[in-house]
Structure formats: C-alpha cells, structure tokens
Amino acid sequence: MSPDVGRTRFIFFTGGVSSSLGKGLTASSLGRLLKCRGLRVTMCKLDPYINVDPGTMNPFEHGEVFVTEDGGETDLDLGHYERFIDENLHKDSNATTGRIYSAVIAKERRGDYLGKTVQVIPHVTDEIKERIRRLGSDDVDVVIVEIGGTVGDIEIVPFLEAIRQFRRDVGRENVCYVHLTLVPYLGPTGEQKTKPTQHSVTELRSRGIQPDVIVCRSDRMISEDLKRKISLLCDVPIEAVVSAVDAANIYQIPLVIHEEGMDRYVLDLLGYDEDAHPIDLSRWERLVEQVDAATTPVRIGIIGKYVDLPDAYLSVVEALRHAGFHHGAKVDIDWIQAATVPDLLEREGLRGYDGLVIPGGFGERGVEGKIAAAGHARTHDIPLLGLCLGLQVMVIDAARSLAGLEGANSREFDPATPYPVVDLMDDQNDVVDKGGTMRLGSYGARLEAGSQVARAYGAEIVSERHRHRYEVNPRYRARLEEGGLVCSGTSPDGRLVEFIELPGHPFWIGTQAHPEFKSRPDQPHPLFRELIGASLARAEGRDPHLIDLA
Ligand code: GLN
C-alpha cells in the first residue's frame, strides 16, 4: 500500500440500470454499520455533471444544496451521509466534473504540466484520484466514495477509469467495489428479472471494474435461487449478492443490509478481523423503534416556491421528522405554494395547520405570499419557524405591521423600497449598494439570556450554517424592536441579526441560518424540536408557550 493513504481503506459505490435507486442512502447505511463496528468512516460524492458545484443549480431540478460547516455548497446526498454516519463533512467531500476540470485547467495555465499535452488520462484521472486519496488519513479507517449517475453515462467514464486505477495504486486488499442495481418485478409473468443487473455489470466490467458486492434494489426479497443466478452470471460469491428490499422508512435500510450480512462481508473483504469489530447496533435500533412509535399526527405546512420537488427542502423535511421522533409525533407535511397564500388566506386561512415553516429561497416569486403567511401566523398564534429567507419575510412583516414602515421590503425583491429592512452588507457588515458577499458555512451567534431561542438551545453561544447574501439592515433594528420584535440572537460583534422572536407568541421564531443542516435523526435540532412541541400543543389545545416546555 502506498504510504500516503496510511491504513485507510476505500469503498466505491457505483449504480446501474436507473437513477434514484437510493445509492446515497445505501452507501450511508453501510457507513453507519461500519461506524457501529468501531471504524472511523468518512464519505464523499463524485458527481459527473459539469457545474463546478450545485450552488448554481435550480432546486426544481436538482433538489436542495446542502451546506457543510466549512461553507461547501454540495449535493444533497451529503446530507444523508452526515445524518447517517453522524460526522460533519466538508467542501472536499463533494467534487464534480466541473470542479475537477477547473483544477486541471488552472494547473495547465500555471504551467504545472511542463509542456505536456493535457489529457483525460492521466491528468483528469490523476486529479480525481488525488481528491479521493486526500480523504484518507491516520484518523480515517474507511472512505466511502459514491459515484453519481449510472454506469453507461457519457460523463461517468473518467471517474470509472480513476477508481479502476485506484485499486492498483493502493493495493487490491484496500479497495472494495459495490454496484447497486435494480431487479424489477414483472407483474404479468410474476417474475423478478436479473437481465438489467447482468447488463449493467457487463457495462461496469467493460470499464475494467469487476464488482465485489452487488446490491439488488427491489420491491420484494430476492430469493436464494435468484441470488445464485446473479452470483453465477456476475461472478460474485452468493454472500456478496445483497437483497435491498424497499424499506418502510429510510432508517431501516442499515438494518436491512445488515440482515443480509453486507457489513460483515465488506469487513472481511477489506481484511478486518470481525471479532475485533463486533457490531453495536443498539443506538440505531432505538432510533428505528422511536420512528415506529412516532404516531401522534401533527400537521405542518411548508410555504415555499419549489414545492413541486420536495427534495428542494430535503433537510428541512428530515429535521421536522427528527423532531417528530423525539415527541412521538408523525409529521404530516403539506406543501403550500407561496404564491397561493393570499388566496388561501381569503378563503380559509391557515387555521388547519398545527405549525408552519417558511424555508430558505431566492428570488421574488411568491414572496408577498410568504410575508402574508408570516403575518397570519403572528396574529393567529400559529407556531412558525422561519429559515433564512423565512426570517427575512418575518422581519418585513414586522416592519410593515408592527413598526409602521409601510412598503418595507428586502432590496432583493424591491430595489426601490423606502424602507430596505433587509439589505446587502459588505465584509464589515455595512450596507452596500451592489455585490454583497455570500455568507456561507458556519458562523457563531450570541443569544439573549432567557429568550425563547436561548431556552430552546439551552445555550447562549451557538453556531449554525449559513447560505445567503442579504441581512437584516442594522439601521432599522431599533425601529423593529420598538415595534415589539425581539432580536434574540446576533453575530458575536452584535451587528447582524441572527435570531428573532415575538414575546407572548407561542412560537414565532426566525433564524438567518439554516439549522436544518445540523439536525440528526436521534439528536433533533432544538428549534425544530420546540416547533413540533409547540405545534403538538396547539393540536391538543394545550398552553403552547415554549417557556413552559423548557
Ligand atoms: N435570498 C435570500 C438571501 O440571499 C435568502 C437566501 C436563503 O434563504 N438561503 O439573503
């Protein structure tokens, strides 16, 4: 083994037949199982698309942009990874074709290639391998690398070539290839078909990769006979054919593949002694029990712009669910198109909801609907959590309705507003006309002692991840506070408003951050936990004050 990767082993996940089979979740589940065996695991996603990062991609198309502590704008699968393996990842845990080519081209411009012709092999593949290698260290036992897309895609070829070479570079015994395929069930003949699996394994082999493990996604168990057939045709031992049947919820996947012996097989393949790594699944099993026991219905409305693709708010949904598990509640989510809110308010209001969330977003569409929803929640005692843009629309509502600043707005939506209560800031947190730096990644905040948010967190110094350009304009803070809004958390220098709340309201809390990224299934985020607490109290007609829950 080359010395620069220490004792780290590498597991590569590829997918075949179809996208959306849950490759990321399966990889995360294996990661969790290996962690439950005492191994130190990290994960990474290599995406064959050409965008340098998903930050510029339309959430309608690609789903949410997941933000890491160090400010990486990454693929939403990293959210699954963090939630399943319970480790923070970083910018380098995600790389795209675009990022890799930019690095190669920058090196070429600097003259690093010493006059050579720069080619996919070896220059691009070397860049990919270097990125994978960098994830290995003395502190990491296993790196799990998911290759986005499916074998057979044009863009995936350099990645397959790189991971093929990688095995030779670091030694066969340190690498394991897992291939995830679909085994469809054909109703008319009542059969499960292995042909697509055979074809996709053939495709993978044509790139020089013989899978070590084949995970078969299916809506029903794969019989021993069928496993034997796949084993024979795809040339893997029968124990290496894993039946990953659809699970009732994603948290069961680790248990499903553990039942199939997948973690034991991979452990053995990578040369670990099973006796030295017994599995302790108790924490995860407790979580699954909690998930099953979460049955009290609570109805939450999410008011957003990208409601046709719920993946656009994946971490928000997950954070709500985690909070539900804590309270034994099943969170039923209703997607409310922001633009329809004014109509909805005229007809029936938002009375039917136990709680509301206004998540992050960019651009003007639907903003007035969100402002109206914030106002309605405020005047009707409906618990509301505002996230990033959510906080901004709550501030606009408070400015217009409580502080008497008619026409107040964010300059993002109305550049000519007489009261730009939300505006662009420069590096010194002063209002600027143009540009504005995107605040990305983790920032600390100070919470006001005794405030609702401080009680929820049980702390006065907190840190959350950010992704936005606009901020509450410090010039209007005094006016807003005179109107009754409480800025209950600020940046450490006191200039930027990070949290707001409204005394006397059961739960009308906004944060400039994206706390949803830090929620974990068995450690719900405090703000989501208290939102669901307040929503349940409303559903059950109890006194909902957060202050009593603390
Ligand atoms: N569009 C707003 C801004 O840039 C909010 C961004 C967000 O919600 N992530 O500040």
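Anyway, here's the lowdown on the structure attached to this text. These numbers come from a predicted model, not from an experiment.

Right, let's get into the overall build of the protein. A tally of helices and strands in the protein yields 19 helices and 23 strands. Here the C-alpha atoms of the protein give a radius of gyration of 25 Å, agreeing with the 24 Å that 2.2 N^0.38 yields for 550 residues. Structurally, the protein occupies a C-alpha span of about 75 × 60 × 45 Å along its principal axes. Sequence-distant contacts in the protein: of pairs separated by 6 or more residues, those separated by 24 or more amount to 73%. Total accessible area on the protein is roughly 21800 Å²; 48% of this is exposed by carbon and sulfur atoms.

A few words on the pattern of salt bridges. Taken as a whole and assessed by the stated rule, the structure comprises 43 salt bridges. Across the salt bridge formed by Glu 146 and Lys 23, the nearest N and O atoms sit 3.5 Å from each other. One end of the pair, Glu 146, is in strand S6 (residues 142-147); the other, Lys 23, is in helix H1 (residues 23-36), with 123 residues separating them in the sequence. Glu 146 sits in the buried class, given a relative accessible area of 2%. Residue Asp 47 is joined to Lys 45 by a salt bridge in which the shortest nitrogen-to-oxygen separation is 3.2 Å. By relative accessible area, which is 3% here, Asp 47 ends up buried.

Before going further, it helps to examine the sheet that holds strand S7 (residues 175-182). In space, the 7 strands of this open sheet follow the order S5-S2-S6-S1-S7-S10-S11, with parallel pairing throughout. The strands lining the two open edges of the sheet, one partner per strand, are strand S5 (94-96) and strand S11 (241-245). Going from strand to strand, the sheet's axes swing by 20 degrees on average, the running direction of each strand aside. With 6 bridges connecting them, strand S2 (residues 41-47) and S6 associate as parallel partners. Paired with Val 41 across the strands is Val 142, a residue of S6. Those strands touched by helix H7 (residues 195-206) are strand S1 (9-15), S7 and strand S10 (213-218), and its axis lies near 145 degrees from that of S7. This element, helix H8 (residues 224-234), spans S10 and S11 of the sheet and lies at about 130 degrees to S11.

With that out of the way, let us pick up the side chain of Arg 439. Within the element layout of this structure, Arg 439 appears in strand S18 (residues 439-447). Side chain to side chain, Arg 439 and Glu 471 meet in a polar contact 2.9 Å long. In this structure, Arg 439 is in contact with His 466, Arg 467, His 468, Glu 471, Leu 496, Glu 498 and Gln 512, ignoring residues within four places of it in sequence.

A separate point is helix H18 (residues 526-539). Taking 1.5 Å of rise per residue, the 14 residues of H18 would be expected to cover 20 Å, and the 20 Å separating its terminal C-alpha atoms lies within 8% of that figure. Among the 14 residues in H18, 12 count as buried, and that is most of the element. Every buried residue of H18 is listed here: Pro 526, Leu 527, Phe 528, Arg 529, Glu 530, Leu 531, Ile 532, Gly 533, Ala 534, Ser 535, Leu 536 and Ala 537. Remark: Gly 541 follows H18 within two positions and exhibits a positive phi of approximately 70 degrees.

With that out of the way, let us pick up unusual backbone geometry. The step from Ile 121 to Pro 122 runs through a cis peptide bond, and the omega angle for that step is 10 degrees. Inspection of the secondary structure puts Pro 122 in helix H5 (residues 120-135). Despite not being glycine, Val 17 has its phi angle at roughly 70 degrees, a positive value. Position of Val 17 among the secondary structure elements: in the loop between S1 and H1. Of note in this structure, Asp 235 is not a glycine but carries a positive phi near 65 degrees. On the basis of relative accessibility, which here comes to 56%, the residue Asp 235 falls in the exposed class.

As a further point, take the nonpolar core. Within the largest apolar cluster, 56 residues are counted, with the highest numbers of intra-cluster contacts made by Ile 11, Val 213 and Met 262. When residues no more than four places from it in sequence are discounted, the contact partners of Val 213 are Cys 176, Tyr 177, Val 178, His 179, Ala 240, Val 242, Met 262, Tyr 265 and Val 266. Counting residues in each nonpolar core, the second largest holds 41 residues, with Leu 350, Leu 405, Ala 408 and Trp 508 among its members.

With 5 of 5 residues buried, S11 is to be regarded as a mostly interior element. A two-sided burial pattern is seen for S11, the buried positions comprising Val 241, Ser 243 and Val 245 on one face and Val 242 and Ala 244 on the other. Examined bridge by bridge, S10 and S11 share 5 bridges and lie parallel to one another. Within the sheet, the bridge partner assigned to Val 215 lies in S11 and is Val 242. You can see the chain leave S10, run along H8 and come back into S11, and the turn it takes is right-handed.

Moving on, we come to the site of the ligand. The environment of the ligand is formed by Gly 360, Gly 361, Phe 362, Cys 388, Leu 389, Gln 392, Glu 412, Arg 467, His 468, Arg 469, Tyr 470 and His 514. Gly 361 places a main-chain nitrogen or oxygen 2.9 Å from an oxygen atom of the ligand. Here an oxygen atom of the ligand and a backbone polar atom of Leu 389 are 3.0 Å apart. For the ligand, whose unbound accessible area comes to 290 Å², protein coverage reaches 98%. Listed by contribution, the elements that provide at least two residues to the shell around the ligand are helix H15 (389-401) and strand S19 (461-468). Its residues assigned to classes, the shell around the ligand shows 4 nonpolar, 5 polar and 3 charged.

Calculation notes
Residues numbered from 1 in each chain as written. Predicted model: local features only at pLDDT ≥ 70, side-chain atom pairs only at ≥ 80, totals over all residues. Heavy atoms only, no water. Helix = DSSP H or I, 4+ residues; strand = E, 2+ residues; numbered from the N terminus. Rg over C-alpha atoms; globule rule 2.2 N^0.38 Å. Contact = heavy atoms within 4.5 Å. Areas by Shrake-Rupley, 256 points an atom, 1.4 Å probe, with all protein chains shown as cover. Salt bridge = Lys/Arg side-chain N within 4 Å of Asp/Glu carboxyl O. Buried < 20%, exposed > 50% of the residue type's maximum accessible area, 1.4 Å probe, protein only. Pairing = 2+ DSSP bridges. Axes fitted to C-alpha atoms, helices over the stretch in contact; angles between N-to-C directions. Polar contact = N/O pair within 3.5 Å; in protein donor to acceptor, adjacent residues only side chain to side chain. Expected span 1.5 Å × (residues − 1). Core = buried A, V, L, I, M, F, W, Y, C linked by side-chain atoms within 4.5 Å. Right-handed = clockwise from strand over helix to strand, strands pointing away. Near = heavy atom within 4 Å. Nonpolar A, V, L, I, M, F, W, Y, C, P; charged D, E, K, R; others polar.

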